[in-house]
Structure formats: C-alpha cells, structure tokens
Amino acid sequence: MSEKQVVKYRVTGNVAVISIDNPPVNALGPGVREGIIDALAQGNADSAVEAFVLIGEGRNFMAGADIRQFGGVRPVSTRTSAAAIDASAKPVVAAICGYALGGGLEHALACHYRISTPEAKVGLPEVLLGIVPGGGGTQRLTHLVGPEAALDIITTGRHVGAYEAQRIGIIDEIVDEPDFLAASVRFAARVAIVKPLPRAHLLSEKIEQAGDQALAFDDARKFHTRKSRHQKAPMHAIALIEAAVKGSFEEGLALEQTLFAELENSEEAKALRYAFFAEREAAKIPGASNVPKPEPVSSAAVIGAGTMGSGIAMAFADVGTPVKLLDVTHEALDKGMKRIRDNYAVSVKRGSISQSEMDARLAKIQGVVDYADISDCDAVIEAVFERVDLKQAIFRKLDDVMKPGALLLSNSSAIDIDIMAQATKRPADVAGAHFFAPANVMKLCEVVRGTQTAPATIARTMKMARDLGKIGAVAGSCDGFVANRSRTSLMTEMMLMLEEGAMPEQVDRILVAFGYPMGFFAVNDMSGLDVSYEGRQRRAAADPSYRKLHVPDRLVEMGRKGQKTGAGWYRYKDGDRTPHPDDLVKEVIASVAREFGIAQRTFSDEEILHRLLFASVNEACRILDEGRAYRASDIDVMWLYGFGFPRHRGGLMYWADTIGAAPIHRQVTEWHERYGKRWEPSPLLARVAESGTRLRDAGPQS
Ligand code: T1G
C-alpha cells in the first residue's frame, strides 16, 4: 500500500498550495518535513508558480513535532524544512487555522507572510515538554516580535490568540472569510510581486527598539529560578532569546540546536512527555467505544451555595455555560453569590479578567431556591455537606424534578456514589463529579462511576469536565474514591512520623526540595487543622481500631488551628504568613511520644520522602488491584492536577519507576514488619516487582 500522502501539492492560477494532511492534528510526523521541501522545490522550479500557500487540512495548521518521535531519529529536522521555506525565492504564505504550535509555528515563522482565521491560536509550548524550540523559533520569533514578547511566549509556552498575535507582529492579516483557502490564495497572488521577500530573521527593528534588555533577561532568570526551580528548559529559552538579541542568526540557530539536543532526552523532558500523553489517555474509557458521542452540557445546576458549590458555579460561568445555583434559604444563597462576586472582583483587581468579563460571567449565574427552577438543566451537581442522609434526600428530590436524561452528579469527596444512586429511580444517570478546591481553579475533576452508572453517563460527564477546561479522570466508588484515597496514606504516614521524631519543618523542606510549591504542614496551616479534626473524632468513635493522630488532635485542642489562629504547625507573626518553626510543637510531639512510649529518632531526608510516597504507591497498587482505576497513569493525572505533584517528575507512579517496583516492594515489606497492617504490601505491587515491569503501565489486570 502506498505510503499515505501527508503533504499535498497543487497549483491554482499562479499560486502553489502546499497542504498538510496528517490527522488528527497535523503533527510533523514522518514525511511531512520532506514533503514540504519537495513541494517548495517543485514550485520554485515551475515558472507558472509565483507564490505559495502553506495550509493544514482539517481543523489545525500544524501541532508541531510528533511528540511520539522524540528520542528517535528524525531524517529531516524542523530546522531544515523551515530553512527551505525561508530560502524560497518565491513568497510562502502561512495560512493558519486552528493551532500552529511548536514546529508548526516555526514553519509559519519561516514563511514570508502569516495570515490566520480569527479563531487561530499560535504558540511555542516546548518548555511544557521540557525542551526548547528546535526549528529556529527562538530566533525568528525574537526578530519578529522583540525580546520582551518572545520571553513571555517562549518561557510560558502559552497559546496566543489571533488578534494578540496580529498586534505583536506574528500575524500579518486576519482573514474572516468562509473560504479561507481561496482568500489565502488571493493574498498570495497579491504579495507575489513584492520584493524583497520579508524574512523574519532579517528584521531587527523590534530588537533595536528594545535596546539593552539586560534587566529583562535578569528579571526573567530570577523569576524562573523561583518558579521553574527544577526545570532547565525555561532558562535555556532565555539564553536563546538573549542570543537572538546579541548574536547572529546563525549563531543563535547553532546554540538552539545544542540546547535542544541537551534537553530532548533529559529526565525532565521524558517525564513531561509522559504527563502529556497520560492526560489524554485518561479521557479514554474502556468499553465505551460503542457509546454515541456525548451531547454537551449546555445548562447546569449546582445544589449548595457553599465554598465548593460557588466554585463549581463559577467554573460553568467561566466558560459561558448558564448555571443555576440553588440553596434552600435566600440567606445561604446571598452568601454564596457574594462569595462569587468577591472572587471575581479579586480577579478583576489582579487584571486576570476585565470588569465586563466579570459582569458577563455573573450574568450566567442565577440564584434559585426552588427545585422546580432547575428541572430543565442538562446536569445538576450536588455540592452540600458530606452527610449521607442529606445527600439521599437531595437525590430523591432531583429524581422527582430533573428532566429525563439529565446528569445527576455528586461532588462528594468520599461518600459511595451508589448511596445517592439508590435514592433515585435512574441510577444509570448518577455519577460523581468530584471537583478539587478551589473548584473554579483546580483542573482535576474526578469522575466517579457507581456500580450502576451507565457508560454514556461517564462519557457525558467526562465531556462536561473537558468543556469546563478540566482534566477528567475516572474513579471507582470506594472510600475516598481514587485521588484522596491514594493520598490519605501519605498524610497518615506524615502525621505518624512526627511521633517518631520527624519535625514538620524537616518534612516540609524535603517536599519543597522534591518540587512541591509548599510543604504539606504549611498547607495544612493555611487550610486549617480543625477541618479534618471532627472527621477523625467521628471515625475514632465509630471504629475502635482507628489509629488516632495524637499530635494534630492535641494542637487543635490547644486552639492551634493554623494561620487563622496565628499558630498551628508553625508560629506566625502578626499579619505575616511566613511559617516559623515553634518549639511548642516539638514539646507536644515529645509529650505524645513519651505518653505512648514511642522512641524518638532522627530521619534521613530520603527515608521521610520514601515513607510518604511509598505509602501512596502501595495504596495506588491496592486501588488498581480492586479495579477502582482504569490505569496507573490515571492516578498520575490525578496527582498532577489534583495535588500539584511536580509535573517534571511525571506523576506518582512514573516517579516510583525511577526507584523501581522491586526496591519499593522490599522496603514496604520491611515497614510492614515494623509498623504492621497499614504497610501490608499490595499483591499488585508484588506482582509488578516480580515481573520486572513498570508501575506506570500497571492496570487492574497487572
Ligand atoms: N505529537 C503527537 N501526537 C499529538 C500531538 C503531537 N504534537 N499533539 C496532539 N497529539 C495527539 C494527542 O495525543 C491525541 O492523540 C490527539 O493528537 C488529539 O490531541 C520542532 C520539537 C494541538 C492543542 O506541544 O497541545 O514542535 O489521544 O486531544 O484537544 O521545535 O493536541 O487521540 O491518540 O490534545 O484538539 C510542540 C501538543 C511539539 C502541541 C489540540 N507541540 N498538542 O488539542 O486534541 S514539540 C505541542 C496539543 C515541537 C519543535 C518542537 C493539542 C492541540 P489520541 P488532543 P485537542
């Protein structure tokens, strides 16, 4: 069978159209770069051709290099095919629809003109994959837009919309016409006679205007030293932009090639590539291939105007979906609406959104107190207190009022979804949609399937999450579902290690050094030690075997609830949020240890890190063994997007593979002998260790 033609060439009038046809996103897979070079040669040799249009078939221009090809051999580099465009004797017009990202934008930057549809987006997201642009993008973009804009775009990897791209000089003209290709051909015919060809790398105006950017480069380095502590790519990107300002184009290309090669197979880049694909794999639901394409949720209701309910309502309003926020009293509703207005006002003050955007989003949120007012919504999300009886009553009510086919969802973080489903006559329509606080900010939405939840319900809830800009991942219904259940083991271990002598400040230092933005004790001081206190007391009262966490209990009973009381795990000076270690906490720990006869000792940093993470790795293996998660990489997605696990480490299970299942299993077995049941090794962990396979590839069948 002939190799699929990924680059097509045809001449219309005096314009040769080069179109990329490599679904699903026109990645620069095998044959694309070669095809572009061949088409350029063909058109430049044809006297009837006076200009080119480079365009993508389907929804996108080009999504950049084929990320699956990284680490392998690429016969032709983006640098080469981009250089062929740049050197063309006849003008090449990049006609951008959809996305032009990475190597895709680099090809467009090498073109002599760039036009786009109004909806187009461009960007150089390589740093998000732990690398730098390798096809001349750092040099050409800096020449085109100047160092300041180049620093912003390349070190953040963000997408730039068509109008902003036009304003800063990436896009020459925005074409809002039904036949974009025909308009592109007309544009090319028009510029065919313009000489000399405008070549981005020859433009120096924006660089000269910027003058000495030493301060800007220093500021960028200071910012990324803090923000991207463990990542080389942003710092290398800064060096490349500086090279574009200070040196020749050829020198800049050479440096780009060197730094790209250094990063391409770095541990950071491999982990970030894994995270990229894990996120997309999480969207795939086994056994749902015959489920029809789910309808969007075009209207929603949220029950409960508390912190979570308000945040969920904002998430819908943020994407323009009308949402009704229901609470049983006007007072509660007014409080929730005020919270929403205050949150938006903070965003306006910060400049994240404009006042008009705030007003538009508020207009999407309607407060109601009567269930009859939400009956027509496509989805309803219950977000009330974690009380079984209350949730059951609500789901009985929803079953009565909601239109057929509506999604009946619970934001519960732990209560078995089946309990809510059994309160209805339509259990197939019931699922969990577990958002993470703050719900309008955190990207993870844990979609929880009850035993009777229909695949179509899961698929539509996952689409709802994606349309909200969230990352959905499916969890089975068990205590704590998957994300919280896998993390609770870590939190328990963290509290118990205190009794053995590991101090909060040591644990937090290790977690920050590992890559977390904040230590967990400092985070607990922010959220409040009292938040989980009541739940622990209830569990202790209900379950005599429950292992009480004496140290946090004592602190709460002493009134040390965290920042809000000026002291918790740390002491805080008036008005200052800087955590200061407190000898009084050490005394509480020592007192608990004495009372319960626990020997105090010092810990190595490695033991603390391994005690914390191995506990969760073992729990994640139990979760997979029970079939509560489809795949280990889904758990990694939950940790990345729900708990801020350092992305450059790939995820919990990806990181565990850097240690190895066998050493982890040996250590868990040793701790099982020392500490008892909570450390009982998961049989799945034992099987993976025995088989020598990877934890990140594990699934229920492992
Ligand atoms: N390579 C390989 N596969 C890709 C891909 C890529 N660049 N981009 C997407 N896919 C797959 C994806 O895994 C999924 O596969 C399907 O396409 C749909 O993706 C030389 C070296 C373009 C904004 O970082 O940001 O260029 O799950 O669900 O929501 O200097 O895809 O169906 O099997 O995300 O419409 C730089 C990455 C590369 C862009 C579209 N480029 N892609 O979003 O679809 S490095 C990127 C995206 C580079 C140069 C350097 C998004 C999208 P499957 P999707 P979408």
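What you see is a predicted model, and the numbers here were worked out from it, not measured in a lab.

Criteria and thresholds
- Residue numbers restart at each chain and count upward from 1, following the sequence in its written direction.
- The predicted nature of this model means local features are confined to residues of pLDDT at least 70 and side-chain atom pairs, given and counted, to a pLDDT of 80 or more, with totals for whole chains, interfaces and linings taken over all residues.
- Only hydrogens and water are set aside; all other atoms, that is, all heavy atoms of the structure, feed into the side-chain values.
- Axes, fitted as lines to C-alpha atoms, cover a helix only where it is in contact. Angles between the N-to-C directions of the axes lie from 0 to 180 degrees.
- Working definition: helices are DSSP H or I runs of at least four residues, strands are E runs of at least two. Numbering for both runs from the N terminus.
- Between 65 and 115 degrees an angle is taken as roughly perpendicular, under 35 as roughly parallel, over 145 as roughly antiparallel, and anywhere else as oblique.
- Two helices crossing with the near one rotated counterclockwise from the far one by less than a right angle form a left-handed crossing, whereas a clockwise rotation gives a right-handed crossing.
- Contact definition: two residues touch when any of their heavy atoms are within 4.5 Å.
- Just so you know the grouping, Ala, Val, Leu, Ile, Met, Phe, Trp, Tyr, Cys and Pro go in nonpolar, Asp, Glu, Lys and Arg go in charged, and all remaining residues, Gly too, go in polar.
- To count toward a patch, a residue needs a relative accessible area above 30% and no salt bridge. Like charges then connect within 9 Å, nonpolar side chains (Val, Leu, Ile, Met, Phe, Trp, Tyr) within 5 Å.
- Per-residue and other accessible areas were derived by the Shrake-Rupley procedure at a 1.4 Å probe size, with only the shown protein chains allowed to occlude residues.
- In what follows, salt bridge is the name for a side-chain nitrogen of Lys or Arg lying within 4 Å of a carboxyl oxygen of Asp or Glu.
- Accessible area is worked out with a 1.4 Å probe on protein chains only. A residue is then buried under 20% of its type maximum, exposed over 50%, and partly exposed in between.
- When two rings of Phe, Tyr or Trp (its six-membered ring) have centres within 6.5 Å they constitute a pair, described as stacked for plane angles under 30 degrees, edge-to-face for angles over 60, and tilted for the intermediate range.
- Here, a charge over a ring is recorded when the distance from Lys NZ or Arg CZ to the ring centre is within 6 Å and its angle to the ring normal is within 35 degrees.
- Throughout, the term near means that a residue has one or more heavy atoms lying within 4 Å of the molecule or strand in question.
- Polar contacts, as counted here, are pairs of nitrogen or oxygen atoms within 3.5 Å of one another; within protein the pair requires one atom able to donate a hydrogen and one able to accept it, and residues that are adjacent in sequence qualify only if both atoms are side-chain atoms.
- An automatic or database domain assignment is the source of the domain bounds shown.
- Paired strands, in this sense, are two strands between which DSSP finds at least two bridges.

(A) How the structure looks around the packing of helix α3 (residues 103-110) against helix α4 (residues 137-145). Two elements in contact, α3 and α4, have axes separated by 9 Å at closest approach and are oriented at 50°. Regarding the angle of α3 to α4, the classification is oblique. α3 and α4 meet at a crossing whose hand is left-handed. Facing α3, whose interface residues are E106, L109 and A110, α4 presents G137, R140, L141 and L144. Tallied by class, residues from the contact of α3 with α4 come to four nonpolar, one polar and two charged.

(B) Region of the structure containing a nonpolar patch on the surface. Together, M518, V523 and M526 make up a nonpolar patch on the protein surface, roughly 240 Å² of accessible area in all. Here M518 lies in the loop between α20 (504-514) and α21 (520-527). With relative accessibility at 32%, the residue M518 sits in the partly exposed group.

(C) Summary view of the packing of aromatic side chains. Counted under the stated rule, the structure contains 16 aromatic pairs. Between the aromatic rings of F70 and F260, the centroid separation amounts to 6.4 Å while the plane-to-plane angle is 40°, which identifies the pairing as tilted. Separated by 190 residues along the polypeptide, F70 in the loop between β5 (64-65) and α2 (78-86) and F260 in helix α11 (residues 249-264) bring together distant segments of the chain. By relative accessible area, which is 12% here, F70 ends up buried. With a relative accessible area of 14%, F260 lands in the buried category. Between Y516 and F645, the ring centres sit 5.9 Å apart and the planes meet at 90°, which makes this aromatic pair edge-to-face. Highlighted residues: Y516 in the loop between α20 and α21 and F645 in the loop between α26 (632-643) and α27 (652-659), separated in sequence by 129 residues. For Y516, a relative accessible area of 2% gives the class buried. For F645, a relative accessible area of 2% gives the class buried. Connected via pairs of aromatic rings, a cluster forms that spans F436, F514, Y516, F520, F614, W639, F643, F645, W655, W671 and W679. The ring of F643 has R487 lying over it, and the distance from NZ or CZ to the ring centre is 4.8 Å.

(D) Quick look at helix α5 (residues 147-156). The element α5 is extensively covered by neighbouring structure, given that seven of its 10 residues are classed as buried. For α5, the complete set of buried residues consists of P147, A149, A150, L151, I153, I154 and T155. Contact partners of the buried residues in α5: α4, β10 (160-161), α6 (162-168), α8 (205-210), α9 (214-227) and α10 (233-246). Backbone geometry just downstream of α5 places G157 in the positive-phi region, at approximately 75°.

(E) Focus on the site of the ligand. The immediate surroundings of the ligand are formed by 30 residues, with A65, E106, G134, R280 and R466 found nearest. Between the ligand and G103 there is a distance of 2.8 Å, counted from an oxygen atom to a backbone nitrogen or oxygen. K284 places a polar side-chain atom, nitrogen or oxygen, 2.9 Å from an oxygen atom of the ligand. Listing elements by their share of the shell around the ligand, those giving two or more residues are β5, β7 (99-101), α3 and α12 (267-281). Residue contributions to the shell around the ligand peak at three residues, all from α12. Split by residue class, the shell around the ligand holds 16 nonpolar, six polar and eight charged.

(F) Representation of the environment of L129. In this fold, L129 is placed in the loop between β9 (121-123) and α4. For L129, a relative accessible area of 12% translates into the label buried. When the C-alpha atoms of L129 and H648 are compared, they prove to be 8.8 Å apart, with 519 residues separating the residues in sequence. Filtering out sequence-adjacent residues up to four positions away, L129 remains in contact with I67, A269, L272, R273 and F276.

(G) Broad picture of the environment of I153. Residue position: I153 is located in helix α5. For I153, the residues in contact, after removing those within four places along its chain, are L124, L141, R158, V160, I168 and I170.

(H) Region of the structure containing the domain arrangement of the protein. Assigned domains within the protein: domain 1 (7-264), domain 2 (300-477) and domain 3 (503-591). Between the C-alpha centres of domain 1 and domain 3 there is a distance of 50 Å.

(I) Representation of the sheet that holds strand β14 (residues 365-368). Spatially, the eight strands line up as an open sheet ordered β14-β13-β12-β15-β16-β17-β18-β19, and their pairing is mixed. Strands at the two margins of the open sheet, each flanked by one partner only, are β14 and β19 (471-476). Averaged over all pairs of adjacent strands, the angle between strand axes in this sheet comes to 25°, irrespective of strand direction. Pairing analysis gives four bridges linking strand β13 (residues 323-326) to β14, with the strands arranged parallel. By the bridge assignment, L326 is partnered in β14 with V368. Against the sheet, helix α13 (residues 307-318) makes contact with β12 (300-303), β13, β14, β15 (379-382) and β17 (430-435), and its axis sits at roughly 170° relative to β13, the strand it touches most.

(J) Expanded view of the side chain of T457. Along the polypeptide, T457 turns up in helix α18 (residues 455-467). The class of T457 is buried, set by a relative accessible area of 5%.

(K) The packing of α20 against α21, seen in detail. One way to put it is that α20 packs onto α21 with a least axis distance of 7 Å and a crossing angle of 105°. Classified by the interaxial angle, the pair formed by α20 and α21 is roughly perpendicular. Here P504, V507, D508 and L511 of α20 come into contact with α21, specifically with F520, F521 and A522. Here the residues of the contact of α20 with α21 sort into six nonpolar, no polar and one charged.

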